[in-house]
Amino acid sequence: MIKIIGAICIIIATSWIGFEASKALSERTRQLRILRSALQSLEAEIMYGHAPLHEASRRIAKQISRPVSEIFDYFAMNLIKADTTASDAWNKALEVVWKRTAFKTTELEILKQFGETLGKHDLMQQQKQIRLALTHLEREEDEAREKQASYGKMFRNLGFLIGLFIIILLM
Amino acid sequence: MGIDVDVIFKIAGVGIIVAFLVTILDQAGKKEYSQWVVLIGFIYILFQVATIVNDLFQKIKSVFYFNG
């Protein structure tokens, strides 16, 4: 009886690990998509709404969902609160929020490079910089989706089967 | 007799699971890991079979030499 309970525990644990691993992959594609739409709306706010940076990012933070919206939230807060440059405020917001997202270091680098250009140029230059960051992010998203398609299912099956394997070895 | 049947089932189970793992890893394009999985499963079963065959030889010795 105890043997069976232990076996069920092992199966549940390893399957859970597999599901978590595949969820991390799909979470990354989702957050990249959200980030791209956020940057697009930032572009729209700046180009057509002529909104100042903190107002635009506060509005965007309200529109999008949790982990990505916090970047814009902190960014707006840093801009209002302290007397810093826009790129400093952006970098600080990234440092705080980055660990809570599913992004990897490549996205962090893209966003940091984008932050360097924030608030330094006129409208047309700023739009070009946003477009550049968007193309980089699009490439990352394609890559992440490819990875998700090939590895997502593998991790789930692998977790379950390794659990079965351990049980048979221990029986 | 009960132990023998158990061992056969165990070996069959390991074989099936190793086969599944290999196909999944191959599909995902991780050939190098699938080779390792095959190797580990093979070594494990080899140990099992070796201990059983060892038992068998000991028994044969004790039957035919009359001194064990």
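Residues numbered from 1 in each chain as written. Chains lettered and ligands numbered in written order. Predicted model: local features only at pLDDT ≥ 70, side-chain atom pairs only at ≥ 80, totals over all residues.

Going by an unreviewed UniProt entry, chain B carries the name Stage III sporulation protein AC and comes from Pallidibacillus pasinlerensis.

Looking at an unreviewed UniProt entry, one finds chain A named Stage III sporulation protein SpoAB and attributed to Pallidibacillus pasinlerensis.

Asker: Explanation requested: the overall build of chain A in the structure shown.
Answerer: The secondary structure content of chain A amounts to six helices and zero strands. Overall, chain A shows an N-to-C arrangement of helices and strands of α-α-α-α-α-α. Expected size for 171 residues packed as a compact globule is a radius of gyration near 16 Å; at 21 Å, chain A overshoots this value by more than 25%. In terms of principal-axis extent, the alpha carbons of chain A reach across some 70 × 30 × 25 Å. Per-residue burial for chain A yields a buried fraction of 27% across its 171 residues. Long-range pairs, those at least 24 residues apart, make up 68% of the contacts in chain A with a sequence separation of at least 6. (Helix = DSSP H or I, 4+ residues; strand = E, 2+ residues; numbered from the N terminus. Rg over C-alpha atoms; globule rule 2.2 N^0.38 Å. Buried ≥ 20, exposed ≤ 12 C-beta atoms within 10 Å, placed from the backbone. Contact = placed C-beta atoms within 7 Å.)

Asker: What is the right way to read the overall build of chain B from this model?
Answerer: When helices and strands are counted, chain B shows two helices and zero strands. The C-alpha atoms of chain B give a radius of gyration of 17 Å, which is well past the 11 Å a tight globule of 68 residues would have. With respect to the three principal axes, the spread of C-alpha positions in chain B is 55 × 25 × 10 Å. The burial tally for chain B puts 10% of its 68 residues in the buried class.

Asker: Help me understand the UniProt feature "transmembrane region" (unreviewed entry) in chain B, please; the structure alone is not making it clear to me.
Answerer: Residue and element names in this part refer to chain B. On the UniProt side, "transmembrane region" (unreviewed entry) is annotated at positions that read residues 7–25 and 37–57 here. Between the C-alpha atoms that bound residues 7–25 there is a distance of 27 Å. The span itself is 100% helix and 0% strand. Strand forms 0% of residues 37–57 and helix 100%; the C-alpha atoms that close the span are 30 Å apart. (UniProt positions renumbered as here; feature names shortened; annotations may be inferred.)

Asker: I keep staring at the nonpolar core and nothing clicks. Help me out?
Answerer: Note on soluble globular proteins: their nonpolar side chains tend to be buried together. Judged by nonpolar contacts, the single largest core of 25 residues is most densely connected at Ala-38, Ile-71, Phe-72, Phe-75, Trp-90 and Ala-93 of chain A. If you list the elements that add at least two residues to this core, you get helix H1 (2–47), helix H2 (53–63), helix H3 (66–81), helix H4 (86–97), helix H5 (105–117) and helix H6 (123–170) of chain A. No other element matches H3 of chain A, which puts seven residues into this core. Non-local contacts of Ile-71 of chain A, meaning those with residues more than four positions away in its chain, are made with Ala-93, Leu-94 and Val-97 of chain A. Ranked by size, the runner-up nonpolar core spans 12 residues in total, among them Leu-158 and Leu-161 of chain A together with Val-14 and Val-18 of chain B. (Core = buried A, V, L, I, M, F, W, Y, C linked by C-beta atoms within 7 Å.)

Asker: Is there a simple way to explain the UniProt feature "transmembrane region" (unreviewed entry) in chain A in this structure?
Answerer: In the numbering used here, UniProt assigns the "transmembrane region" (unreviewed entry) feature to residues 154–170 of chain A. Secondary structure content for residues 154–170 of chain A is 100% helix and 0% strand, while the C-alpha to C-alpha distance between its ends is 24 Å.

Asker: Any chance you could explain the environment of Ala-82 of chain A here in plain terms?
Answerer: Mapping Ala-82 of chain A onto the fold places it in the loop between H3 and H4. Under the C-beta neighbour-count criterion, Ala-82 of chain A is labelled exposed, with 10 such atoms within 10 Å.

Asker: Help me understand the interface of chain A and chain B in this model?
Answerer: How big an interface is tends to be expressed through the accessible area that disappears when the partners come together. In this complex, chain A contributes 11 residues to the contact, which on the side of chain B involves 10 residues. Partitioning the side of chain A that touches chain B into residue classes produces nine nonpolar, two polar and no charged. (Nonpolar A, V, L, I, M, F, W, Y, C, P; charged D, E, K, R; others polar.)

Asker: What is the right way to look at the packing of H1 of chain A against H6 of chain A in this model?
Answerer: Helix packing for two helices is described by the angle between their axes and how far apart those axes are. All names here are of chain A. Packing of H1 against H6 leaves a shortest axis separation of 8 Å and a crossing angle of 170°. In terms of orientation, H1 and H6 fall into the roughly antiparallel class. Taken together, the residues of the contact of H1 with H6 break down into 27 nonpolar, 13 polar and 10 charged. (Axes fitted to C-alpha atoms, helices over the stretch in contact; angles between N-to-C directions. Parallel < 35°, antiparallel > 145°, perpendicular 65-115°, else oblique.)

Asker: What should I look at first to understand the confidence of the model for chain B in this one?
Answerer: Reading fine detail from the predicted coordinates is not recommended where pLDDT is low. On average, residues of chain B score 86 in pLDDT, and 91% of them reach the 70 mark or higher. For this predicted complex, the interface score ipTM comes out at 0.70, while the overall pTM is 0.73. (pLDDT = per-residue confidence, 0-100.)

Asker: Just to check I follow, could you spell out H6 of chain A for this structure?
Answerer: Owing to its 3.6 residues per turn, the α-helix brings residues three or four apart onto one side. The end-to-end C-alpha separation of H6 of chain A is 66 Å, in line with the 70 Å expected for 48 residues at 1.5 Å each. Of all the bends in H6 of chain A, the largest measures some 35° and sits at Tyr-151 of chain A. (Expected span 1.5 Å × (residues − 1). Bend = angle between axes of the 7 residues up to and from the residue.)

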